[in-house]
Amino acid sequence: MDFLIGGIAAVGAGVFTNPLEVVKTRMQLQGELAARGQYTVHYKNIFSATYMIAKHDGILALQAGLAPALWFQLVLNGTRLGAYQLLCDRGYTTNKEGKIVFYKSVIVGGLCGVLGGYTGSPLYLVKTHLQGQAAKEIAFGHQHNHEGTMKALRNIFKTQGIKGLFRGSFASIPRSFIGSTSQLTSFDFCKQWLLNYPSFQDAPLTTAFTASMISGISLSIGMTPFDLIATRLYNQGVDANGKGLLYNSYLDCVGKIWKSEGFLGFYKGIGPSYVRLGPHTVLCLVFWDKLKDVYKKFSDD
């Protein structure tokens, strides 16, 4: 039930935040391996990106990749939040007094995130491909031209096998570890800290909302560079042998981005990333908290 609760909470959040994920992906692919001033900027900010996507690709393009995105959320967070709750209940993140231990929370949260992220990697691959598909006038990055989730999975498997479905999955490890541990650790610590104040002690929804907003900031700052690297590796085209056309490895990707786009290149899309991760974190963790309360209430009855 812990796994199901975590998955449902994330799916509920994903429905509302997927358009921001589309905008973020487009901005992360914009100007790939090109220095500032050497490419046309179609996506200047969240608002201009939203307008350009709706104008050239249609309003429904803002929900591109919704199906694999929601399945990915179900697999990722069902595994991540379910395993995390299971380990928390068994005392793996706390000391003898029941207080959260920082390093234990970091390790447990990170490893649970890696497990979920790697398991859902084929879905994240297809999600990235679909969200990166754009009209010729505003396209950046490799265009895979998939016709849908199932066709994409079948075509990738047919041409590249299981290895193709998990292409780029290594990039999910640092992304998932940093993202999961920064989110869950900051959320738990914030909740524990807020409960020291009387105004939060009898307001569980307000406490969860405040803690998750702070958690979203931590998540955006920590995860954006790793998220951008993952997007580039997942989206790149491959040759007949399945070898990447732009990047040979994770470190090769990091080096090329640094050399051509500089430090700020790793933070492309941080605006929509937080605007997405903030509400997504709030919705996901608040849903998660409330669903756990509902389940506990019915279990006790």
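Residues numbered from 1 in each chain as written. Predicted model: local features only at pLDDT ≥ 70, side-chain atom pairs only at ≥ 80, totals over all residues. Heavy atoms only, no water.

Labelled according to an unreviewed UniProt entry, the protein chain appears under the name Solute carrier family 25 member 35, originating from Photinus pyralis.

Trainee: Hey, could you run me through the state of the cysteines in this one?
Mentor: Joining two cysteines, a disulfide is a covalent bond between their sulfur atoms. Enumeration over the complete set of coordinates arrives at zero disulfides. Cys190 carries a free sulfur, and the closest cysteine sulfur to it, the one in Cys88, is 15 Å from it. On the basis of relative accessibility, which here comes to 12%, the residue Cys190 falls in the buried class. (Disulfide = S-S within 2.5 Å. Buried < 20%, exposed > 50% of the residue type's maximum accessible area, 1.4 Å probe, protein only.)

Trainee: So what exactly am I meant to see when it comes to a nonpolar patch on the surface here?
Mentor: A surface patch of nonpolar side chains, amounting to about 460 Å² of accessible area, comprises Phe102, Tyr103, Ile107 and Leu111. By the secondary structure assignment, Tyr103 is in helix H4 (residues 102–119). Note on Tyr103: relative accessible area 52%, which makes it exposed. (Patch = residues over 30% accessible without salt bridge, like charges linked within 9 Å, V, L, I, M, F, W, Y side chains within 5 Å. Areas by Shrake-Rupley, 256 points an atom, 1.4 Å probe, with all protein chains shown as cover. Salt bridge = Lys/Arg side-chain N within 4 Å of Asp/Glu carboxyl O. Helix = DSSP H or I, 4+ residues; strand = E, 2+ residues; numbered from the N terminus.)

Trainee: How do you make sense of the nonpolar core when you look at a structure like this?
Mentor: The nonpolar side chains of a soluble globular protein tend to be buried, and buried together. Grouped together as the largest cluster of nonpolar side chains are 22 residues, with contacts concentrated most on Val126, Ile229, Leu233, Cys253 and Ile257. Of all the secondary-structure elements, those providing two or more residues to this core are helix H3 (66–89), helix H5 (121–132), helix H6 (149–165), helix H9 (204–235) and helix H10 (250–261). Setting aside chain neighbours within four positions, we find Ile257 in contact with Leu33, Leu228, Ile229, Arg232, Gly262, Gly265 and Phe266. Core analysis: the second largest hydrophobic core is formed by 17 residues, Ile5, Ala83, Leu184 and Phe200 among them. (Core = buried A, V, L, I, M, F, W, Y, C linked by side-chain atoms within 4.5 Å. Contact = heavy atoms within 4.5 Å.)

Trainee: Is there a simple way to think about the packing of aromatic side chains in this case?
Mentor: In this description, a pair of aromatic rings is defined by centroid distance and the angle of the planes. Applying the stated criterion across every chain, the model contains eleven aromatic pairs. With 6.4 Å between their ring centres and 35° between their planes, Trp258 and Phe266 make a pair best called tilted. Here Phe263 and Tyr267 contribute two aromatic rings whose centre-to-centre distance is 5.7 Å and whose plane-to-plane angle is 50°, an arrangement assigned as tilted. The class for Tyr267 is partly exposed, based on a relative accessible area of 23%. Aromatic rings pair up to connect Trp258, Phe263, Phe266 and Tyr267 into one cluster. Over the ring of Tyr124 we find Lys127, and its NZ or CZ is 4.5 Å from the ring centre. (Phe/Tyr/Trp six-rings, centres within 6.5 Å; stacked < 30°, edge-to-face > 60°. Lys NZ or Arg CZ within 6 Å of the ring centre and 35° of its normal.)

Trainee: What is the right way to look at the UniProt feature "repeat: Solcar" (unreviewed entry) in the protein chain in this model?
Mentor: UniProt's feature table lists "repeat: Solcar" (unreviewed entry) at residues 1–90, 104–193 and 203–294, given in the numbering used throughout. Here residues 104–193 runs as 74% helix and 0% strand, with 17 Å between its end C-alpha atoms. (UniProt positions renumbered as here; feature names shortened; annotations may be inferred.)

Trainee: Explain unusual backbone geometry to me, please; I cannot follow it from the model alone.
Mentor: Working note: non-glycine residues mostly have negative phi, and peptide bonds are mostly trans. In this structure, Leu33 is a non-glycine residue whose phi angle is positive, near 55°. One can find Leu33 in the loop between helix H1 (2–29) and helix H2 (46–57). On the basis of relative accessible area, Leu33 is assigned to the partly exposed category, the value being 27%. Unusually for a residue other than glycine, Asn145 sits at a positive phi of about 55°. Among the structural elements, Asn145 can be located in the loop between H5 and H6.

Trainee: When you look at the side chain of Thr149 in this model, what are you seeing that I'm missing?
Mentor: Position of Thr149 among the secondary structure elements: in helix H6. Once you skip the residues sitting within four places of it in the chain, Thr149 turns out to touch Ala67, Pro68, Val126 and Leu130.

Trainee: Any chance you could explain H5 here in plain terms?
Mentor: Two residues of an α-helix separated by three or four positions point the same way, owing to the 3.6 residues in each turn. With twelve residues, H5 should reach 16 Å at 1.5 Å per residue; the first-to-last C-alpha distance of 16 Å fits that figure. For H5, a buried count of twelve out of twelve residues is recorded, marking the element as mostly surrounded by other parts of the structure. Those residues of H5 that fall on the buried side of the exposure criterion are Ser121, Pro122, Leu123, Tyr124, Leu125, Val126, Lys127, Thr128, His129, Leu130, Gln131 and Gly132. (Expected span 1.5 Å × (residues − 1).)

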